[in-house]
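Descriptive analysis of the structure
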Amino acid sequence: MRTAIIGAGQAGRRTAELLRGLDAEREILLLGEETEPPYDRPPLSKEVLLGEERPRGLMQRAAEVYEAQRIALRLGEKVTRIDLGAARLETAAGECIAYDSLVIATGARARGLRIPGADDPRVLTLRSIADARALRARLRTGLRLVVAGAGLIGLEVAAAAIQLGCAVTVLEMGERAMARCVPEAVSARIEAWHRAAGVVLEFGCPLTAIRPQPDAIHLVTGKGEVSADLLLVAVGAIPNMELALDAGIAVDDGILTDADGRTSHPHVFAAGEVARIWQRGAGRHVRFETWQVAQHQPVAVANALCGEQKPYAELPWHWTDQYGRNVQILGTHSAALEWLEREDGGRLIYFGVDPEERVHSAVLIDNGREATPLRRIIAAEKPIQRNRLLDPSVALRQLC
Amino acid sequence: MAWHDVAPEGEFEMDVPKVVQVGEDRVAVFRLADGFYAISDVCTHEYALLSDGFCEEGKIECPLHQACFDIRSGKALDEPAEVDLAIYPTRIDGGVVQFQL
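Residues numbered from 1 in each chain as written. Chains lettered and ligands numbered in written order. Predicted model: local features only at pLDDT ≥ 70, side-chain atom pairs only at ≥ 80, totals over all residues. Heavy atoms only, no water.

**Section: the UniProt feature "domain: Reductase C-terminal" (unreviewed entry) in chain A**
The criterion, for reference: UniProt positions are given in the numbering used here, feature names are shortened, and annotations may be inferred rather than shown by experiment. Helix and strand labels come from DSSP, where a helix needs a run of H or I of at least four residues and a strand needs a run of E of at least two; each type is numbered from the N terminus.
Here the UniProt feature "domain: Reductase C-terminal" (unreviewed entry) sits at residues 317-399 of chain A. Helix makes up 18% of residues 317-399 of chain A and strand makes up 40%, while its end C-alpha atoms are separated by 20 Å.

**Re the side chain of Arg342 of chain A**
All names here are of chain A. Inclusion rule: Burial classification: accessible surface area is computed with a 1.4 Å probe over protein chains only, and a residue below 20% of its type maximum counts as buried, one above 50% as exposed, and the rest as partly exposed. All tallies of charge rest on Lys and Arg as positive and Asp and Glu as negative; His and the ends of each chain are not included. For salt bridges, the criterion is a side-chain nitrogen of Lys or Arg within 4 Å of an Asp or Glu carboxyl oxygen. Counting of polar contacts relies on pairs of N or O atoms within 3.5 Å, with two restrictions inside protein: one atom must be capable of donating a hydrogen and the other of accepting it, and residues adjacent in sequence are counted only when both atoms are side-chain atoms.
Here Arg342 is to be found in strand β24 (residues 338-344). Although Arg342 is buried, it forms no salt bridge, and the closest oppositely charged side chain is Glu370 at an N-O distance of 5.1 Å. Polar contacts involving the side chain of Arg342 include one to the main-chain carbonyl oxygen of Arg388, which spans 3.0 Å. A polar contact is formed between the side chain of Arg342 and the backbone oxygen of Leu389, at a distance of 2.6 Å.

**A word on the UniProt feature "domain: Rieske" (unreviewed entry) in chain B**
Cross-referencing UniProt, the feature "domain: Rieske" (unreviewed entry) maps to residues 3-99 of chain B in the present numbering. End-to-end, the C-alpha atoms of residues 3-99 of chain B are 5 Å apart, and along that stretch the chain is 0% helix and 45% strand.

**Considering the environment of Val83 of chain B**
Going by this rule: Contacts: residue pairs with any heavy atoms within 4.5 Å of one another.
The topology assignment puts Val83 of chain B in the loop between β7 (68-70) and β8 (87-88). In this view, Val83 of chain B contacts Thr44, Phe69 and Ala76 of chain B; residues no more than four positions away in its chain are not counted.

**Notes on the interface of chain B and chain A**
Applied cut-off: When two parts are put together, the accessible area they lose, computed with a 1.4 Å probe and summed over both, is reported as buried area. Throughout, the ten residues Ala, Val, Leu, Ile, Met, Phe, Trp, Tyr, Cys and Pro are labelled nonpolar, Asp, Glu, Lys and Arg are labelled charged, and all others, Gly among them, are labelled polar.
Listed by partner, the interface residues are 21 residues for chain B and 25 residues for chain A. Both sides together, the interface formed by chain B and chain A hides about 1800 Å², and carbon and sulfur atoms give 40% of it. Of all residues in chain B, Phe54, Gln66 and Glu79 of chain B bury the most surface against chain A, accounting for 32% of the area lost on that side. The partner of Glu79 of chain B in a salt bridge is Arg13 of chain A, with the nearest N and O atoms 2.9 Å apart. Taken together, the connections running from chain B to chain A amount to 15 residue pairs in polar contact (both at pLDDT 80 or more). Element by element, the count of residues in the side of chain B that touches chain A is highest for strand β5 (residues 54-56) of chain B, at three residues. Among the residues making up the side of chain B that touches chain A, the classes are represented as eight nonpolar, six polar and seven charged.

**Quick notes on the nonpolar core**
All names here are of chain A. To keep things clear, this is the line we draw: By nonpolar core is meant a set of buried Ala, Val, Leu, Ile, Met, Phe, Trp, Tyr and Cys residues that side-chain atoms within 4.5 Å join together.
In this structure, Leu44, Leu135, Leu139, Leu145, Val168, Val170 and Leu232 are the most contacted members of the largest nonpolar core, which totals 43 residues. Counting residues per element, this core draws most heavily on helix α4 (residues 152-163), which supplies six residues. Apart from the residues within four sequence positions on either side, Val170 is in contact with Val147, Gly149, Ala150, Ala158, Val199, Val200, Leu201 and Glu202. Of all hydrophobic cores here, the second largest spans 28 residues; its members include Leu84, Ile97, Ile104 and Tyr312.

**Notes on the confidence of the model for chain B**
Going by this rule: Values of pLDDT, the confidence the predictor places in each residue, fall between 0 and 100.
Averaged over every residue, the pLDDT of chain B is 94; residues scoring 70 or more account for 100%. Across chain B, element-level confidence peaks in β8 of chain B with a mean pLDDT of 98 and bottoms out in β5 of chain B with 94.

**Points about the pattern of salt bridges**
Applying the stated rule across the entire model yields 38 salt bridges over all chains. Here Glu77 of chain A ties to Arg74 of chain A by a salt bridge, and the two come within 3.0 Å at their closest N and O atoms. Residues Glu356 of chain A and Arg358 of chain A are paired through a salt bridge, measuring 3.4 Å at the closest nitrogen-oxygen approach. By relative accessible area, which is 29% here, Arg358 of chain A ends up partly exposed. One salt-bridge network, in which partners are shared between bridges, spans Arg13, Glu17, Asp40 and Arg61 of chain A together with Glu79 and Glu82 of chain B.

**A look at the environment of Arg74 of chain A**
All names here are of chain A. Tracing the sequence through the fold places Arg74 in strand β3 (residues 71-74). Its relative accessible area of 23% is what places Arg74 among the partly exposed residues. Remark: the alpha-carbon pair of Arg74 and Trp319, spanning 245 residues in sequence, is separated by 31 Å. Residues within four places of Arg74 in sequence aside, it is in contact with Leu29, Leu30, Leu31, Gly32, Glu95 and Ile97. Of note is the side chain of Arg74, whose polar atom sits 3.0 Å from the side chain of Glu77.

**Focus: the sheet that holds strand β12 (residues 200-202) of chain A**
Residues and elements named next belong to chain A. Defined as follows: At least two bridges found by DSSP between two strands is the condition for calling them paired. Here the axes come from fitting lines to C-alpha atoms, over the contacting stretch only for helices, and the angles between their N-to-C directions go from 0 to 180 degrees.
Pairing is parallel across the open sheet formed by five strands, whose spatial order is β9-β16-β10-β11-β12. The sheet is open, and its two borders are formed by β9 (123-124) and β12, each paired with just one other strand. Of the pairings in the sheet, the one linking β9 to strand β16 (residues 230-233) comprises two bridges and is parallel in character. In the strand pairing of β16, Val123 is matched with Leu231. Here α4 sits on the sheet and contacts β10 (144-148), β11 (167-171) and β16; the angle it forms with β11, its principal contact strand, is near 165°.

**Describing the UniProt feature "domain: FAD/NAD(P)-binding" (unreviewed entry) in chain A**
What UniProt calls "domain: FAD/NAD(P)-binding" (unreviewed entry) maps, in this numbering, to residues 2-297 of chain A. The distance from the first to the last C-alpha atom of residues 2-297 of chain A is 21 Å, and the span holds 23% helix and 29% strand.

**Side note on unusual backbone geometry**
Glu79 of chain B connects to Pro80 of chain B through a cis peptide bond whose omega is 15°. Take Pro80 of chain B: it is sitting in the loop between β7 and β8. Positive phi is not limited to glycine here, since Glu357 of chain A has a value of about 65°. Take Glu357 of chain A: it is sitting in the loop between β25 (347-353) and β26 (359-365). The exposure class assigned to Glu357 of chain A is partly exposed, which follows from its relative accessible area of 24%. Within the chain, Glu381 of chain A stands out as a residue other than glycine whose phi angle is a positive 50°.

**Things to note about the domain arrangement of chain A**
Residue and element names in this part refer to chain A. The condition that has to hold: Boundaries between domains were set according to an automatic or database domain assignment.
Taken domain by domain, chain A comprises domain 1 (2-109 + 238-305), domain 2 (112-233) and domain 3 (334-398). Taking only C-alpha atoms into account, the centre of domain 1 sits 30 Å from that of domain 2. Listed as interface residues are 19 residues of domain 1 and, on the opposing side, 15 residues of domain 2. Across the domain 1 to domain 2 interface the summed buried area is about 1500 Å²; carbon plus sulfur atoms make up 56%. Area buried by domain 1 at its contact with domain 2 is led by Ser45, Leu49 and Leu50, which between them contribute 37% of it. Linking domain 1 to domain 2 there are four salt bridges. For the pair domain 1 and domain 2, the interface holds seven residue pairs in polar contact (both at pLDDT 80 or more). For the side of domain 1 that touches domain 2, the residue count by class is seven nonpolar, two polar and 10 charged.

Below, the structure written as C-alpha cells:
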C-alpha cells in the first residue's frame, strides 16, 4: 500500500508523520517542488527578515529524520499531472508514480498584481524561504520599501523593514489594517504601532500602475505617485489547486473536501491551505490560510487514510507578531458582532458578542494566557453578562 | 550548583508560578497538587516567557504559539515546540521553596 503526498510543506510533512504514527507498514512518499526539506512559514515574514538564517521557529527537520521514519522525501520533484483512472502521478522529470491513495498538500501561492509594470524585478512577493532570503538580501538602511497590502504579511514585513532602517510605506486599498480578521479598534491599535515606528500608512489607496525607471520604480496610486526602490506585494494568496482541477476533482476557491479531508474522489484527500473544508458549524466549506490548518487538519486526513474518522472542527486561530507585540485571533471576524474591550495593564481582550451575549470571536493582545479559557467560552455558546466580560478582576477561567 | 530561594511555601498559589532570575537563566517555580516544580521559563520554540502562559493540570501553555509542556518532566507535549524544557530539583528549606541550579 502506497500513499503519495504532493507538497512537502507543513501540511504534507504533518500528514506523512501522522500517517506513519498510525500505520507502521505503508509506503509513504512525500514529493516537494522546493529543494528545502519541509519548514514552518511563520518566521519567514519576521525572524528570517531580521537576519536569522535558521530561526528556532522555522522547525526544519534534517532529511535523515524522514529516513528514520521511513518517509520517502523527494525534493525538487514537480508533479505535472494526476491520472485518477490509472491512479498514478506524472512528474516534470518524466517519471510515473503509482499510488493507492493520494494527498494533495500543495498549499497556496502569493497573489500578484495584474497591473502594468508588475513584472519588474524590483517587485517581489513573499511565500517561500527563498523569497524571504531574497527579500532580506535587499533590505538595508535607507531603502525605500513600499508594501502593497495592510494584511498580516504586509504589516509583518513593514515592521521588520522599519527595524532594519528602511523607509517604509504601506498602501492599502481598504480603509484599515487587517480589516479581514480584526475589528476596527484592533486595527487602530496596530496602525498606531506602525505609525509610532515611522511607517507611513495610506488607506483607500489602490495601486494602479508601476512605472519602472533605471533608478527607482514609480508607483501610481489612487492618491498620486510614490517612488520606491522595492515593492513587496502582499495582497493575499491563491490556492494551488490546478492539478486537482485538471484531474476533474471538485474545486471552488480550494479543493473541496468533507470534514475528514476527502475530496470528490474517494482515494484522494487534500490537506492544509489548499483545502476548502466542510465546516458543520458554519454550514459551508471554508478555506483557511493559517499555521493551524496546516498543523491540525492533517490529523483528519491521516486518520481517514486509515479508515478512522477524526473530522477537522477546530475553532479558527491565528496570530501575528509585530514590534514585540503578540496578537491572537480566535474564531471568525464578523462586523455583525458587537466588540467589547477588556483592558488589564496593557493586556487586552476584544470579545465579539452577539445580541444574546454569547461570545463568538475574540482578539487577544499580549494576552495569550487567556486563549485557552476563551476557546472554551466560545465553544460553550453560553450567554455571559457583559459586566463580567469587561471586569478584569473576573478570571476568564471562572467563566468557562 | 547552588540552591536558590524562591519564596515562603505559603505564598504560592496553585498554578501561579513565581519567577527567579539566576544569571542568564530565568526559572519559573510552580506549586502543583503534589509539590513544587521548577522549569526554565523560556519556551524552546521562540522567545516567550512561559510564566505568562496558561497553566492547568500540570501543564503550561506558551502564551505566544500555544506549545504545551509538562511541568513535572519538562517534556514538550506538542508542536510548535519540539525541544524539552530544562527542569531543576526543588526542596523546602525552613519553609522556603528553593531550586537547584
